[in-house]
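This is what each chain is made of:
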Protein chains: 2
Amino acid sequence: MLGARRLLGALRLCSSVSCPRPRAAAKLRVREALGVRDASGECVTVQGWIRSVRSQKEVLFLHVNDGSSLESLQVVADSSFDSRELVFGSSVQVQGQLVKSQSKRQNVELKAEKIEVIGHCEAKIFPIKYKERHPLEYLRQYPHLRCRTNVLGSILRVRSEATAAIHSYFKDNGFVHIHTPVITSNDCEGAGELFQVEPSSKIKVPEENFFNVPAFLTVSGQLHLEVMSGAFTQVFTFGPTFRAENSQSRRHLAEFYMVEAEISFVESLQDLMQVMEELFKATTEMVLSNCPEDVELCHKFLAPGQKDRLEHMLKNRFLIISYTEAIEILKQASQNFTFTPEWGVDLQTEHEKYLVKHCGNIPVFVINYPSALKPFYMRDNEDGPQHTVAAVDLLVPGVGELFGGSLREDRYHILKQRLDRLGLREAYQWYLDLRQFGSVPHGGFGMGFERYLQCILGVDNIKDVIPFPRFTHSCLL
Amino acid sequence: MLGARRLLGALRLCSSVSCPRPRAAAKLRVREALGVRDASGECVTVQGWIRSVRSQKEVLFLHVNDGSSLESLQVVADSSFDSRELVFGSSVQVQGQLVKSQSKRQNVELKAEKIEVIGHCEAKIFPIKYKERHPLEYLRQYPHLRCRTNVLGSILRVRSEATAAIHSYFKDNGFVHIHTPVITSNDCEGAGELFQVEPSSKIKVPEENFFNVPAFLTVSGQLHLEVMSGAFTQVFTFGPTFRAENSQSRRHLAEFYMVEAEISFVESLQDLMQVMEELFKATTEMVLSNCPEDVELCHKFLAPGQKDRLEHMLKNRFLIISYTEAIEILKQASQNFTFTPEWGVDLQTEHEKYLVKHCGNIPVFVINYPSALKPFYMRDNEDGPQHTVAAVDLLVPGVGELFGGSLREDRYHILKQRLDRLGLREAYQWYLDLRQFGSVPHGGFGMGFERYLQCILGVDNIKDVIPFPRFTHSCLL
């Protein structure tokens, strides 16, 4: 199955008008077949699922898709093939000759010599109907089948490409990848409600803990990454994180993915913002270059105009404003907000949207938030009565907050005081230790991966950019 | 911080005997500095932690490490620098000129012009002691600090490289990456005890479930990958999996990583075994070529002889024997086993070890296990009275079972019967659906990632190849 390209090359040497030894035909993925230039009758076998059937007087046209690309391969068969068996959704193996297509709609097509139905599809009860464009809400009921539609296929291929691009970006820039733990005994990071974990047989025996202590699903790998940035300088993680929030919003899931990085020896938020902007742009450029058709499909059918909006984000330097400036902008807005903007109060989604629009739909970093709004680990700006910390959020069009980050409090005495005040000293002694043994100024950020996909593809609901969405009242499969 | 190489190139153009504008010195990672050929006095800044200090009459030698490589950069300073501040574990920023080293032990060294201590290290209470080689057991007590030792640094760099290599292998071979869910409502796959998940505030309210149904941490992404292989043909996942087993063995964790792949249109175990062997060999070759020093350190200090054993594995084709043959071999063994080998009974660790040794310490695939030993989804070989399924395990020296895989039962009626018999029909209706709508012969496998690292590095205890090990009674940090 692998090395099909080499096999095809070898076959070409002996290609002739009809397949001499049909069993020796090279197996090609649909993407590979579509990529063959100057097809001249190579004997190949293609396997996949029928996406369309069109029967004419003397010919039968099939489109076969195997998920390697959005585009299907056109198969041309003479009408002697039994078209009753060749139905939408069925899996087939087609053997034949790869030839230049007469039509302008594709480069190559497969002249079938043998078509074998591998698995029949019961069209009557198949929830995905031929030639129908199902709403995304409808498809969400069928997480085991929706990946067979064009739109979910494209979204999930983009997800896969973006995953690879993110790993590449960090590797190329000297970051060490760390698997931060999913199960953790840290329970007081203040990022919303936690899921707790116990063996199913003991979940009703609260006095016993499998790990001796209560254990939770992680809300962020940050603290563990900080450990590692003290050894490797630049580290990243890309894994699942969890919030037990009772939310059904189009931007929240109970299980979602975060890309997090932590960097030692950074001295200002500027250093962090540079990496965030580079990560966003480099990843997006790679996705656009590796799966343009998939991105185009989403832009065309889900978010008309998104192509231009994305280009606008990519070609402009992201903006930077302070939280204080943001509040000023909001106060001067002619718009009436449900939540009155006020210094010291968190930005709401409506505020984020307004700010991005105010900034000409260019992503905008908002920096230096009031200390009282942020968790204990953020670095104190020591800026007098206002008292802010070196935090940064990146707001993007359509989604709002995409990245959150900060410099971390690296000064032993300040952190110790803060932990003492919060009564967290004992629980976070290990975290304080990091400031006692060769502490360095450092900082990091997290990017919500599903929100990133929503942002570049223009997908409105977060449940459509993850293979198996988990949220309150729902855990299908 | 990024693009240091370009910056260095530019600086070279204006390099002179002493740094003209010290503030403009290029920041280099230690690995980058070590890689400079024909150093000729470039002004650079290096940041990291002091790994050793040696004071001679007129010179001071420091070794500075930033985790970008095992090797540290030698810094040479004149004795006017205050060596009391420059202690093991402290973080420093050194500015100076990169020059060819006089010594044979390194290519380049940094002639210090300015050394700034960024964070002092309290040596007296620092659990890692200068010049001491701490046993791995000792280091396990300090998961937040052990990554600063040579050995854990090397292991975790290898882990990062192996992660990247695995992603590359699959991407290069046309697999789509899928994030299979961590939280799942499947509870009867029979892979040991499960962890159950509920919001911490509700964990003692058993009648209410956050997801409406009981939810568990995944033991494998296989079933979800099967969904996706029905759309993308070749898919993989690489994520955390969980077992709530009361085990403290050197081969088990409660949270560990699995690399899993699922492939449609495979017709025999041979197809799967080819991918497994290629994955093992390609990943290992890439690790060996990208971080040879790190691998060498492990081989040298943790497992003498491992280098040769690994080469032996890589240069030989893996062997294949059937379960039935394996039992025969074990029965004829002169060795006395604690568990008597018998057809129909699972292989024990002692058996696996014997088989690998019997096969000349070449990894060996054991195929076609008794149906009764394996889960419901494995493909029936329909081989008469013995009744085996198309399962495969790969046994490797030192570790035992590294991969497990199988062809999956793709025939609707056989699977339906089996689910009916087990009373699982309703819970797995979605899984049965996949066989009703364009079913294809398919199969897949999983590789325990920590066991893979143990195997190539010769690390005896699985707790030393994962950043933050979780096991019964222990969830540090």
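First, a word on what this report is: a plain description of the structure on this page.

Here is what the cut-offs are and how they apply
Residues numbered from 1 in each chain as written. Chains lettered and ligands numbered in written order. Predicted model: local features only at pLDDT ≥ 70, side-chain atom pairs only at ≥ 80, totals over all residues. Heavy atoms only, no water. Helix = DSSP H or I, 4+ residues; strand = E, 2+ residues; numbered from the N terminus. Buried < 20%, exposed > 50% of the residue type's maximum accessible area, 1.4 Å probe, protein only. Contact = heavy atoms within 4.5 Å. Areas by Shrake-Rupley, 256 points an atom, 1.4 Å probe, with all protein chains shown as cover. Lys, Arg positive; Asp, Glu negative; His and termini not counted. Charge placed at Lys NZ, Arg CZ, Asp CG, Glu CD. Buried area = accessible area lost by both parts, 1.4 Å probe. Salt bridge = Lys/Arg side-chain N within 4 Å of Asp/Glu carboxyl O. Polar contact = N/O pair within 3.5 Å; in protein donor to acceptor, adjacent residues only side chain to side chain. Pairing = 2+ DSSP bridges. Least-squares fit on C-alpha atoms with pLDDT ≥ 70 in both. Disulfide = S-S within 2.5 Å. Phe/Tyr/Trp six-rings, centres within 6.5 Å; stacked < 30°, edge-to-face > 60°. Lys NZ or Arg CZ within 6 Å of the ring centre and 35° of its normal. Axes fitted to C-alpha atoms, helices over the stretch in contact; angles between N-to-C directions. Left-handed = near helix turned anticlockwise from the far one by under 90°. Nonpolar A, V, L, I, M, F, W, Y, C, P; charged D, E, K, R; others polar. Arc of directions from axis to C-beta.

## Let's talk about the overall build of chain A
Within chain A one finds 13 helices and 17 strands. When the backbone C-alpha atoms are referred to their principal axes, chain A occupies close to 85 × 55 × 45 Å. Buried residues in chain A amount to 61% of all 477 residues. Taking all contacts inside chain A whose residues are at least 6 apart in sequence as the whole, residues at least 24 apart take part in 67%. Counting only carbon and sulfur atoms, one obtains 49% of the accessible surface of chain A, whose full area is about 19400 Å². Where the 54 positive side-chain charges of chain A centre and where its 57 negative ones centre are 9 Å apart.

## Some thoughts on the environment of Leu110 of chain A
Residues and elements named next belong to chain A. With respect to the helices and strands, the residue Leu110 is situated in strand β6 (residues 108-119). A C-alpha to C-alpha distance of 17 Å links Leu110 and Gln56, two positions 54 residues apart in sequence. Leu110 has contacts with Val44, Val46, Leu73, Gln74, Val75, Val76, Val94, Gly96, Gln97 and Leu98, leaving out every residue within four places of it along the chain.

## Things to note about the environment of Gly153 of chain B
Relative to the assigned elements, Gly153 of chain B resides in helix α4 (residues 150-172). On a C-alpha basis, the gap between Gly153 of chain B and Glu450 of chain B in space is 16 Å, while along the polypeptide they are 297 residues apart. Beyond its immediate chain neighbours, meaning those up to four positions away, Gly153 of chain B contacts Phe232 of chain A together with Cys147 of chain B.

## Topic: the interface of chain A and chain B
The interface of chain A with chain B comprises 114 residues on the first partner and 113 residues on the second. Roughly 9300 Å² is buried in total at the junction of chain A and chain B, and carbon and sulfur atoms are behind 64% of that figure. Taken together, chain A and chain B are joined by two salt bridges. Note that Lys171 of chain B is salt-bridged to Glu161 of chain A, the shortest N-O span being 3.0 Å. Linking chain A with chain B are 48 residue pairs in polar contact (both at pLDDT 80 or more). Broken down by element, the residue count for the side of chain A that touches chain B peaks at 11 residues, all from helix α4 (residues 150-172) of chain A. Two elements, strand β9 (residues 195-199) of chain A and strand β9 (residues 195-199) of chain B, share five bridges in a ladder whose sense is antiparallel.

## Some words on the relation of the copies chain A and chain B
When chain A is fitted onto chain B, the two copies agree to an RMSD of 0.0 Å after a turn of 180° and an axial shift of 0.0 Å. These values place the two chain copies in the arrangement generated by a two-fold rotation axis. Closest approach to the rotation axis within chain A is made by the C-alpha atom of Val197 of chain A, at a distance of 2.5 Å. A share of 99% of interface residues in chain A that are also interface residues in chain B marks the association as one of identical surfaces.

## What to know about the state of the cysteines
This model, assessed by the stated rule, comprises zero disulfides over all chains. Free cysteine: Cys455 of chain A, not disulfide-bonded; nearest cysteine sulfur from Cys298 of chain A at 13 Å.

## Points about the pattern of salt bridges
Residues and elements named next belong to chain B. Tallied over the full model, the rule gives 42 salt bridges over all chains. Across the pair Arg159 and Glu450 runs a salt bridge whose closest N-O atoms are separated by 3.0 Å. You can see Arg159 sitting in helix α4 and its partner Glu450 sitting in helix α13 (residues 449-457), a full 291 residues away along the chain. Taking the relative accessible area as the measure of exposure, Arg159 reaches 2% and is therefore buried. Residue classification places Glu450 among the buried residues on the basis of a relative accessible area of 1%. Across the salt bridge formed by Glu226 and Arg435, the nearest N and O atoms sit 2.8 Å from each other.

## Some points on the pairing of strand β14 (residues 364-370) of chain A
Residue and element names in this part refer to chain A. With respect to burial, β14 is a largely interior element, six of its seven residues being buried. When strand β13 (residues 319-322) meets β14, the two strands line up parallel, connected through four bridges. Considered in β14, the bridge of Ile321 is made with Val366. The sheet contact formed by β14 and strand β15 (residues 388-396) spans six bridges and is antiparallel. Across the sheet, Phe365 pairs through a bridge with Leu394, a residue of β15.

## Observations concerning the packing of aromatic side chains
Here the structure, examined in full by the defined rule, presents 54 aromatic pairs over all chains. Ring centres of Phe337 of chain A and Tyr354 of chain A lie 5.6 Å apart, and the angle between their planes is 90°; this geometry places the pair in the edge-to-face category. Placement of the pair is Phe337 of chain A in the loop between α9 (323-331) and α10 (349-358) and Tyr354 of chain A in helix α10, with a sequence separation of 17 residues. A residue is classified by how much of its surface remains accessible, and Phe337 of chain A, at 13% relative accessible area, is buried. Under the relative-accessibility criterion, Tyr354 of chain A is labelled buried at 18%. By the ring-pair criterion, three or more aromatic residues cluster together here, those being Phe238, Tyr257, Phe280, Phe318, Phe365, Phe449 and Tyr452 of chain A. Between the NZ or CZ atom of Lys374 of chain A and the centre of the ring of Tyr369 of chain A, over which it lies, the distance is 4.3 Å. A cation over a ring is seen here: Lys463 of chain B above Phe471 of chain B, with NZ or CZ 4.6 Å from the ring centre.

## As for the packing of α4 of chain A against helix α13 (residues 449-457) of chain A
Residue and element names in this part refer to chain A. α13 packs onto α4 with a crossing angle of 115° between their chain directions and a minimal axis gap of 11 Å. The element α4 and its partner α13 pack so that their crossing is right-handed. On the side of α4, the interface is formed by Ile155, Val158, Arg159, Ala162, Thr163 and Ile166, while α13 contributes Phe449, Glu450, Tyr452, Leu453, Ile456 and Leu457. When grouped by side-chain class, the residues that make up the contact of α4 with α13 number nine nonpolar, one polar and two charged.

## Things to note about the sheet that holds β15 of chain A
Residues and elements named next belong to chain A. Within the open sheet, the eight strands sit side by side as β7-β11-β12-β17-β16-β15-β14-β13. Their pairing is mixed. The open sheet has two free edges, formed respectively by β7 (176-177) and β13, since each of these has just one partner strand. In this structure, β7 lies alongside strand β11 (residues 234-242), joined through two bridges in parallel fashion. What sits directly across from His177, in β11, is Phe236. Contacts between helix α5 (residues 222-232) and the sheet are confined to β7, β11, β12 (255-264) and β17 (442-448), with β12 contributing the most and set at about 30° to the helix. Contacting β13 and β14, α9 runs over the sheet at an angle of about 85° to β13.

## A closer look at the environment of Leu253 of chain A
By secondary structure assignment, the location of Leu253 of chain A is in the loop between β11 and β12. For the pair Leu253 of chain A and Thr163 of chain A, spaced 90 residues apart in the sequence, the C-alpha separation amounts to 19 Å.

## Looking at the side chain of Glu277 of chain A
Residue and element names in this part refer to chain A. On the secondary structure map, Glu277 appears in helix α6 (residues 269-290). Owing to a relative accessible area of 7%, Glu277 belongs among the buried residues under this scheme. If we skip the residues at most four places from it in the chain, Glu277 touches Asn316, Arg317, Phe318 and Phe365.

## Focus on the side chain of Lys281 of chain A
Residue and element names in this part refer to chain A. Relative to the assigned elements, Lys281 resides in helix α6. Separated by 2.8 Å, the side chains of Lys281 and Glu277 make a polar contact. Excluding anything up to four places from it in sequence, Lys281 contacts Met313, Leu314, Asn316, Arg317 and Phe318.

## Some remarks on helix α9 (residues 323-331) of chain B
Residues and elements named next belong to chain B. Within α9, the full set of buried residues consists of Tyr323, Ala326, Ile327, Ile329 and Leu330. Here the buried residues of α9 occupy an arc of 160° about the axis, which is enough to place them on one side. The secondary structure elements touched by the buried residues of α9 are β13 (319-322), α10 (349-358) and β14 (364-370).

## Things to note about the sheet that holds strand β17 (residues 442-448) of chain B
Backbone hydrogen bonds are what pair the strands of a sheet, in a parallel or an antiparallel way. Residues and elements named next belong to chain B. Ordered by their spatial adjacency, eight strands build an open sheet running β7-β11-β12-β17-β16-β15-β14-β13, and the pairing between neighbours is mixed. Two strands bound the open sheet, and with one partner strand each, they are β7 (176-177) and β13. The pairing of strand β11 (residues 234-242) with strand β12 (residues 255-264) spans nine bridges and is antiparallel. Residue pairing for β12: Thr241 is matched across the bridge by Phe256. On top of the sheet, α13 reaches β11, β12, β15 (388-396), β16 (400-407) and β17; it is set at about 60° to β17, its chief contact.

## Quick notes on helix α5 (residues 222-232) of chain B
All names here are of chain B. Counting buried positions over the 11 residues of α5 gives 11, a clear majority of the element. Where α5 is concerned, the buried positions are Gln222, Leu223, His224, Leu225, Glu226, Val227, Met228, Ser229, Gly230, Ala231 and Phe232. Just beyond α5, the residue with positive phi is Thr233, at close to 70°.

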